[in-house]
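One-letter residues, chain by chain:
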Amino acid sequence: MKKIPIAQPAFLGNEKEYVKDCMDTQWISSIGKYISQFEETFARWCGTRYAVSCCNGTAALHVALLALGVKPGDEVIVPTLTFVATVNAVTMCGAVPVFVDSESDSWNIDPKGIERAITPKTKGIIPVHLYGYPADMEVIAAIAKSHKLFILEDAAEAHGAEVNDRKVGAWGTAAIFSFFGNKILTTGEGGMVTTDDPALATELKLIRSQGQDSNRRYWFPVVGYNYRMTNIAAAIGLAQIEKVDAHLNSRRAIDHWYRKHLSGVEGIRFQTPPRGAQPICWLFTVGFDNSWPQRDAIMESLGRAGIETRPVFYPIHTLPPYQKPGQLFPVAERLAASGMNLPTWHGLTEADVIFICKTLKEIKGSLRIAA
């Protein structure tokens, strides 16, 4: 039986050559030419002045929040429908995550909910571009400006997505990206913080590098963290971004194929971007209404057919560390209970997508008959 994984990395260019160069020159740790080259290339591509690499996306979130001045007792507004790292990073700073429900169309944080969640303790907002679909950044930027709040974009899943011809990662006070092995661009593990603020970029580098003064070796004016990216990881990242157009074009094709071959199928819903937004398909995601069998049963049947899937993230307010009485976010809860990610990666063919969609349609009928 053919197996179709949910995701897998694609190495299309100079990855092996650059990694071999790191090994031949013995620059394998957190110093080396590929780190600065990757940072500079990524910043140019995003349209920001600075990019600061980190060892992973969670570290990027943590160091960005610290550099933005988040302290114990501060409140940071977050969507409840996101990967847990978004919220864990707030908690790691001693701050309080304040949850907001999702929009039913984009599945992203609801700007109306942001307005209602603001208090005198609110320090900033973390909009997440879920599964590569941009949040409504024009509205969120206006809210942040009127209340003097920072925006930290969580673009971990959205490399190359745009809002009004401006890439995500260039809308906020700062933004973070992840380069985990299943992301559109990967370094195996890795992260990046982008910003236009020179003082913030300096602070990011300070905290990321154990708090060491860049002009005075072994002098540590602040408490920092060892969140540096390795030269080997940066070498892979540089090779990946050199082929970014090929990575993004394959995602656009896959998104088109799924929508074409699921078009007209009753009871399936897709993410819809806000006006002016151009999403990039990290993981193609579908939701099911009550005319379909239960989501987990669909996933099990697809798995038996050799098709790997993932459930949509649990809303964070339902997880044990973040549960509180009276928290109700019905849109996020509905999306999470009925949503599923389908295979999405460079190298997936239209024939693969046709097989997945055909199997999905057959499952609807067979499970309903069995019930």
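Look a little higher up for the structure.
Criteria and cut-off values
Residues numbered from 1 in each chain as written. Predicted model: local features only at pLDDT ≥ 70, side-chain atom pairs only at ≥ 80, totals over all residues. Heavy atoms only, no water. Helix = DSSP H or I, 4+ residues; strand = E, 2+ residues; numbered from the N terminus. Rg over C-alpha atoms; globule rule 2.2 N^0.38 Å. Buried < 20%, exposed > 50% of the residue type's maximum accessible area, 1.4 Å probe, protein only. Contact = heavy atoms within 4.5 Å. Areas by Shrake-Rupley, 256 points an atom, 1.4 Å probe, with all protein chains shown as cover. Lys, Arg positive; Asp, Glu negative; His and termini not counted. Charge placed at Lys NZ, Arg CZ, Asp CG, Glu CD. Pairing = 2+ DSSP bridges. Phe/Tyr/Trp six-rings, centres within 6.5 Å; stacked < 30°, edge-to-face > 60°. Lys NZ or Arg CZ within 6 Å of the ring centre and 35° of its normal. Polar contact = N/O pair within 3.5 Å; in protein donor to acceptor, adjacent residues only side chain to side chain. Salt bridge = Lys/Arg side-chain N within 4 Å of Asp/Glu carboxyl O. Core = buried A, V, L, I, M, F, W, Y, C linked by side-chain atoms within 4.5 Å. Axes fitted to C-alpha atoms, helices over the stretch in contact; angles between N-to-C directions. Parallel < 35°, antiparallel > 145°, perpendicular 65-115°, else oblique. Left-handed = near helix turned anticlockwise from the far one by under 90°. Nonpolar A, V, L, I, M, F, W, Y, C, P; charged D, E, K, R; others polar.

Caption draft 1: Here's a closer look at the overall build of the protein. Secondary structure summary: the protein contains 12 helices and 14 strands in total. Here the C-alpha atoms of the protein give a radius of gyration of 21 Å, agreeing with the 21 Å that 2.2 N^0.38 yields for 371 residues. Its C-alpha atoms put the protein at 70 × 55 × 35 Å along the principal axes. Buried residues in the protein amount to 56% of all 371 residues. A fraction of 71% describes how many contacts in the protein between residues 6 or more apart in sequence connect residues 24 or more apart. Just so you have it, the protein exposes about 16300 Å², and 54% of that area is on carbon and sulfur atoms. A distance of 1 Å separates the average location of the 38 positive side-chain charges in the protein from that of its 37 negative side-chain charges.

Caption draft 2: Summary view of the pairing of strand β3 (residues 96–100). Of all five residues in β3, four are buried; the element is thus mostly enclosed. Both strand β2 (residues 75–79) and β3 contribute to a ladder of five bridges, which runs parallel. Bridge pairing in β3 places isoleucine 77 opposite valine 98.

Caption draft 3: Local environment of the packing of aromatic side chains. One pass over the full model with this rule turns up 14 aromatic pairs. A ring pair is formed by tyrosine 131 and tryptophan 282, whose centres lie 6.1 Å apart and whose planes are at 20 degrees; its orientation type is stacked. Of this pair, tyrosine 131 sits in the loop between β4 (122–125) and α6 (137–147) while tryptophan 282 sits in the loop between β11 (277–278) and β12 (285–288); the two residues are 151 residues apart in sequence, bridging distant segments of the chain. Relative accessible area serves as the criterion here: at 0%, tyrosine 131 is assigned to the buried category. Seen from their ring centres, phenylalanine 270 and phenylalanine 284 are 5.5 Å apart, and the 55 degrees between their planes marks the pair as tilted. Of this pair, phenylalanine 270 sits in strand β10 (residues 268–270) while phenylalanine 284 sits in the loop between β11 and β12, and the two are 14 residues apart along the sequence. Taken together, Phe38, Phe42, Trp45, Phe177 and Phe179 form an aromatic cluster joined through their ring pairs. Here the guanidinium or amino end of arginine 166 rests over the ring plane of tryptophan 171, the centre of that ring lying 4.4 Å away.

Caption draft 4: Spotlight on the side chain of asparagine 341. Locating asparagine 341 in the fold gives a position in strand β14 (residues 339–341). Within polar-contact distance, the side chain of asparagine 341 engages the side chain of threonine 285 at 2.8 Å. Once residues lying within four places of it in the same chain are set aside, the contact partners of asparagine 341 are Ile6, Tyr131, Leu283, Phe284, Thr285, Thr309, Arg310 and Pro311.

Caption draft 5: Quick look at the side chain of glutamate 153. By secondary structure assignment, the location of glutamate 153 is in strand β5 (residues 150–154). Among the polar contacts made by the side chain of glutamate 153, one reaches the side chain of histidine 129 at a distance of 2.9 Å. Looking at glutamate 153, its side chain comes within polar contact range of the main-chain nitrogen of glycine 169, at 3.0 Å. For glutamate 153, the contacting residues outside a window of four places in its chain are Pro127, His129, Met137, Val168, Gly169, Ala170, Trp171, Gly172, Ala174, Ala175 and Ile176.

Caption draft 6: Here's a closer look at helix α3 (residues 57–67). Counted residue by residue, α3 has nine buried out of 11 residues, so it is predominantly covered. Within the sequence span of α3, burial applies to Gly57, Ala59, Ala60, Leu61, His62, Val63, Ala64, Leu65 and Ala67. Each element contacted by the buried residues of α3 is listed here: β1 (50–54), α4 (85–92), β5, β8 (174–178), β9 (191–195) and α7 (198–208). Looking at where α3 begins, the residue whose side-chain oxygen comes 3.1 Å from the main-chain nitrogen of threonine 58 is asparagine 56. Immediately downstream of α3, the backbone of glycine 69 shows phi near 90 degrees, a positive value.

Caption draft 7: View of the pairing of β12. Burial along β12 is two-sided: the residues Thr285 and Gly287 and Val286 and Phe288 are all buried. Summarising the sheet, β10 and β12 pair through three bridges and their orientation is antiparallel. Bridging from a neighbouring strand, arginine 269 pairs with glycine 287 of β12. Judged from the three bridges that link them, β12 and β14 form a sheet pairing that is antiparallel. Considered in β14, the bridge of threonine 285 is made with asparagine 341.

Caption draft 8: Focus on the pattern of salt bridges. Inspection of every chain in the model, using the stated rule, returns nine salt bridges. The shortest N-O distance in the salt bridge between arginine 208 and glutamate 39 comes to 3.1 Å. One end of the pair, arginine 208, is in helix α7; the other, glutamate 39, is in helix α2 (residues 33–46), with 169 residues separating them in the sequence. Look at glutamate 39 and you get buried, because its relative accessible area is 11%. Residue aspartate 296 is joined to arginine 295 by a salt bridge in which the shortest nitrogen-to-oxygen separation is 2.7 Å. Look at arginine 295 and you get buried, because its relative accessible area is 11%.

Caption draft 9: Just the nonpolar core, in detail. Judged by nonpolar contacts, the single largest core of 76 residues is most densely connected at Phe42, Leu65, Leu152 and Val193. Non-local contacts of leucine 152, meaning those with residues more than four positions away in its chain, are made with Leu61, Ala64, Leu65, Leu68, Ile125, Ile126, Pro127, Ala174, Ala175 and Ile176.

Caption draft 10: Seen up close, the packing of α3 against α7. Where α3 contacts α7, the axes come no closer than 9 Å and their chain directions differ by 125 degrees. Judged by the angle between their axes, α3 and α7 are oblique. Relative to α7, the crossing made by α3 is right-handed. Each of Val63, Ala64, Leu66 and Ala67 in α3 lies in contact with α7, whose residues at this interface are Leu200, Glu203, Leu204, Ile207 and Arg208. Residues that form the contact of α3 with α7 fall into these classes: seven nonpolar, no polar and two charged.

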